[in-house]
Number of protein chains: 2
Amino acid sequence: MFCKCTENNTPQTNNLSTGLKQVGDKPFVGETPQNALNSWLTPNPLFYVRSHFEYPDVSDSDRINWSIYIDGGDGEVKKITMKELMRMPKRTMAVTMECAGNNRSDLQPKVSGNQFDSGAVSNAIWTGVSLSHVLDQVNISSDSVEILFEGADRGVPEQGYGESSYLRSLSLDIANDPDTILAYEMNGEPLPIEHGFPLRLVVPGWYGMASVKWVKSITAIKEPFHGYFQGKKYVVRYENGKEHPLTEMQIKSFVTSHQHGESISNGPISLSGLAWAGRARVKSVEVSVDGGKTWDNATLNGPSDTYSWQKWSLEWVPANIGHHTLIAKAIDFNGNKQPIESVWNELGYALNGLKPVCINIV
Amino acid sequence: MFCKCTENNTPQTNNLSTGLKQVGDKPFVGETPQNALNSWLTPNPLFYVRSHFEYPDVSDSDRINWSIYIDGGDGEVKKITMKELMRMPKRTMAVTMECAGNNRSDLQPKVSGNQFDSGAVSNAIWTGVSLSHVLDQVNISSDSVEILFEGADRGVPEQGYGESSYLRSLSLDIANDPDTILAYEMNGEPLPIEHGFPLRLVVPGWYGMASVKWVKSITAIKEPFHGYFQGKKYVVRYENGKEHPLTEMQIKSFVTSHQHGESISNGPISLSGLAWAGRARVKSVEVSVDGGKTWDNATLNGPSDTYSWQKWSLEWVPANIGHHTLIAKAIDFNGNKQPIESVWNELGYALNGLKPVCINIV
């Protein structure tokens, strides 16, 4: 757990004005800049972006003209317009969304995929309609086992595969949870195109891949879905050959107030950061300033909502100058603890090990 | 409480893209458009704006170069830079702010002042440092009675008065409340100029006039302050000659899902709106669809925070077509109830009477 700051480690420059840290292109992939991670709320332009294909062709008029097709599985298909969806009871929630590949760049040995640092996670206020309310508009076949969502984005996901839409399914119980919503607003504004305008699924507490963007059709299906983005990608494959599909975000916390390699004048220092735990609530965050030898309880502060991350802070007066390794560690109300090390897996998912930040007190 | 929709009452057009509804100019005054009031969070460009003078001359570099002067009242003056303030422990809160003159246009007989409809109220996530933490940096004179705040904006407030800054004071207990903050971020972004960039006071639960923008100096004073914006304006003067200065926002609620004069096709209708109660929490909201004859309990939903408004909703299936008058009524945990009628006062402040919305079911 010991780390030594490299002296020439220049702190990341403030890119609040220039937007996201680009991680990939075609399609664009970007993570939230470190400075914006100091905020409980992520402004729309700084919310991390991960898409699998280029954005579909939608226009401003789709804000009310877009329609989705609900197929109950017994031959009945119902068309519902955005206008109708927006008349249904509204549900508003703060939901933190993390890309399953967040922190992939920390993994050793390296794996392929977008090399995210810690910024593929963001928090927004989402408004939409409960999916269950929409499913109630049709008869769902009694032998259905899952609900399948199709985005309007299409492409070839990988060489050797045919062109397809982005497709993901949910079990009936998650689909019918009143907190699973079809969202059309983000932070009080219509969804930006990169976040699924005009309509996206938001599955609170789950990694981002579940929250299908540009939702076009919803179908009750009679066999579990194992398409590309559910059977091949977004599966955690361990070295021992075991594997499981990704669902809930794993418990995680990190320091956001300071950057690795930063030099700080001695004096009282305000440490802060973020913690989240999927669909559970964060119970406590412990912070070490000596690389994990001793731990103090941080104060949980800032607004909180069932599915939002939690800000934490701790005041610290360094006893001496020199290198100090800061680490945060979260515990949730279900008794889950953040592990010391992330577990290596083939595609680099669900990496929630402790994230040391080495700073130099001068 | 009965109202009849005028048939040619055209619903307000969606001006989400063009911004605020202008109410005054020189300086600009604007209220949040009705559509944005459907959202729990108000995006920065749609947050209502009320200033007393033109914006002061600040530049982007003031984000870190701005400094404030703290005068403890015993001759000691300390200069603190934004850079230093941003290193202090951060506090983040959702705070709803309402202009004291909100709904002034409803008052009969008419009074002078900005003729606000219902949109001089907005909700944002504010981040800053507790004022108490900043006051701790100097010795506050033991015979101080209030803390005075001076904004960098200056002008002639009214003919016959000299040029002055915007000045307001707070009692020592409110100034030292950990939730009274000097804020530098709004919804995760640096404060926009119109909201006090680079630094403003945020006094949660109080009408907006208390949250001094562009804060330049903070002074402990030995006599209560009675300057223009505290002794002359922002005072509730009743017809019977009694008066009191404005402090906390009064309990209030209103319907946001529908506009006065709107026609709606018969069928299930989702009613929703907002409610807030100063520094208290909203306990319940009752809704009438028949002009106040009968009342139903609405569901409180959406995110909430100590000082934020609360969304409410109620599903309604109209029993017949024709005119219906919708009214919301809030009750807080201190037992305060929203009054039926606002109390007329000379300057048109703190108007929290019930706000009927007449719609036509066709």
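Note that this is a predicted model, so its numbers are computed, not measured.

### Quick look at the overall build of chain A
A count of helices and strands for chain A gives five helices and 24 strands. Its C-alpha atoms give chain A a radius of gyration of 21 Å, within 12% of the compact-globule value 21 Å for 362 residues. For chain A, the C-alpha atoms occupy an extent of roughly 70 × 45 × 40 Å along the three principal directions. Per-residue burial over chain A gives 59% buried out of 362 residues. By sequence separation, contacts in chain A at least 24 residues apart represent 70% of the contacts at least 6 residues apart.

### Let's talk about the nonpolar core
Grouped together as the largest cluster of nonpolar side chains are 142 residues, with contacts concentrated most on Ile-68 and Trp-126 of chain A together with Ile-68 and Trp-126 of chain B. Among residues more than four places away in sequence, those in contact with Ile-68 of chain A are Lys-78, Lys-79, Ile-80, Leu-85, Val-134, Leu-182, Leu-199, Val-215, Lys-216 and Ile-218 of chain A.

### Regarding the sheet that holds strand 5 (residues 77-81) of chain B
All names here are of chain B. The five strands lie next to each other as 5-4-13-8-9, forming an open sheet whose pairing is mixed. At either end of the open sheet lies a strand with only one pairing partner, and these are strand 5 and strand 9 (164-171). Averaged over all pairs of adjacent strands, the angle between strand axes in this sheet comes to 20°, irrespective of strand direction. As paired strands, strand 4 (residues 67-71) and strand 5 are joined by five bridges and run antiparallel to one another. Across the sheet, the residue bridging to Asp-71 is Val-77, located in strand 5.

### Some thoughts on the domain arrangement of chain A
Residues and elements named next belong to chain A. One can read the domain layout of chain A as domain 1 (21-245) and domain 2 (252-361). Look at where the C-alpha atoms of domain 1 and domain 2 centre, and you get two points 28 Å apart. Both sides of the domain 1 and domain 2 interface together cover about 3200 Å² of buried area, and 55% of this is carbon and sulfur. Among the residues domain 1 hides against domain 2, the three largest losses belong to Gln-34, Trp-40 and Arg-237. Together they make up 19% of the total. At the boundary of domain 1 and domain 2, one finds four salt bridges. Notably, a salt bridge pairs Lys-252 with Glu-98, separated by 2.6 Å at the nearest N-O pair. The interface formed by domain 1 and domain 2 contains 23 residue pairs in polar contact (both at pLDDT 80 or more). Residue assignment for the side of domain 1 that touches domain 2 shows that the elements contributing at least two residues are strand 6 (91-98), strand 7 (121-130) and strand 14 (235-237). Per-element tally for the side of domain 1 that touches domain 2: the top contributor is strand 6, with five residues. Its residues assigned to classes, the side of domain 1 that touches domain 2 shows 17 nonpolar, 15 polar and ten charged.

### Details of the packing of aromatic side chains
One pass over the structure, following the stated rule, counts 20 aromatic pairs over all chains. On the basis of an interplanar angle of 25° and a centroid distance of 5.4 Å, the ring pair of Tyr-234 of chain A and Tyr-349 of chain A is categorised as stacked. Note that Tyr-234 of chain A is positioned in the loop between helix 5 (228-232) and strand 14 and Tyr-349 of chain A in the loop between strand 23 (322-332) and strand 24 (357-361), a separation of 115 residues in sequence. Ring geometry for Phe-53 of chain B and Phe-229 of chain B: centres 5.8 Å apart, planes at 75°, overall edge-to-face. With Phe-53 of chain B in the loop between strand 3 (49-50) and helix 1 (62-65) and Phe-229 of chain B in helix 5 (residues 228-232), this residue pair connects regions lying 176 residues apart in the sequence. Each member of the pair, Phe-53 of chain B as well as Phe-229 of chain B, is classed as buried. Aromatic ring contacts, followed pair by pair, group Phe-53, Tyr-161, Tyr-166, Tyr-228 and Phe-229 of chain A into a single cluster. One Lys or Arg, Lys-216 of chain A, reaches over the ring of Trp-66 of chain A and ends 4.3 Å from the middle of that ring.

### Details of unusual backbone geometry
Residue and element names in this part refer to chain A. Cis geometry marks the peptide bond from Lys-26 to Pro-27, where omega comes out at -5°. You can see Pro-27 is positioned in the loop between strand 1 (21-24) and strand 2 (29-31). Positive phi values are uncommon outside glycine, yet Tyr-234 reaches one of about 60°.

### Here we look at the side chain of Asn-102 of chain A
All names here are of chain A. Tracing the sequence through the fold places Asn-102 in the loop between strand 6 and strand 7. By relative accessible area, which is 1% here, Asn-102 ends up buried. In this structure the side chain of Asn-102 is engaged in a polar contact, spanning 2.9 Å, whose partner is the backbone nitrogen of Ala-120. Other than its neighbours up to four places away in sequence, Asn-102 contacts Phe-116, Asp-117, Ser-118, Gly-119, Ala-120, Val-121, Lys-252 and Leu-351.

### A closer look at the interface of chain A and chain B
Each side of the interface is counted separately: chain A has 30 residues, and chain B has 30 residues. Summing the contributions of chain A and of chain B, the shared interface buries around 2400 Å²; its carbon and sulfur component is 55%. Of all residues in chain A, the largest losses of buried area upon contact with chain B belong to Arg-87, Lys-90 and Thr-92 of chain A, amounting jointly to 19% of the total for that side. Where chain A packs against chain B, one counts two residue pairs in polar contact (both at pLDDT 80 or more). A per-element tally of the side of chain A that touches chain B places strand 6 of chain A first, with three residues. In the side of chain A that touches chain B, the residues fall into twelve nonpolar, ten polar and eight charged.

### Here we look at the relation of the copies chain A and chain B
Turning chain A through 180° and shifting it by 0.0 Å along the axis lays it on chain B, with an RMSD of 0.0 Å. Here the transformation between the copies is reduced to the relation of a two-fold axis. Comparing interface residues between copies, 100% of those in chain A also lie at the interface in chain B; the contact surface is shared.

What counts and how
- Residues numbered from 1 in each chain as written.
- Chains lettered and ligands numbered in written order.
- Predicted model: local features only at pLDDT ≥ 70, side-chain atom pairs only at ≥ 80, totals over all residues.
- Heavy atoms only, no water.
- Helix = DSSP H or I, 4+ residues; strand = E, 2+ residues; numbered from the N terminus.
- Rg over C-alpha atoms; globule rule 2.2 N^0.38 Å.
- Buried < 20%, exposed > 50% of the residue type's maximum accessible area, 1.4 Å probe, protein only.
- Contact = heavy atoms within 4.5 Å.
- Core = buried A, V, L, I, M, F, W, Y, C linked by side-chain atoms within 4.5 Å.
- Pairing = 2+ DSSP bridges.
- Axes fitted to C-alpha atoms, helices over the stretch in contact; angles between N-to-C directions.
- Domains from an automatic or database assignment.
- Buried area = accessible area lost by both parts, 1.4 Å probe.
- Salt bridge = Lys/Arg side-chain N within 4 Å of Asp/Glu carboxyl O.
- Polar contact = N/O pair within 3.5 Å; in protein donor to acceptor, adjacent residues only side chain to side chain.
- Nonpolar A, V, L, I, M, F, W, Y, C, P; charged D, E, K, R; others polar.
- Phe/Tyr/Trp six-rings, centres within 6.5 Å; stacked < 30°, edge-to-face > 60°.
- Lys NZ or Arg CZ within 6 Å of the ring centre and 35° of its normal.
- Least-squares fit on C-alpha atoms with pLDDT ≥ 70 in both.

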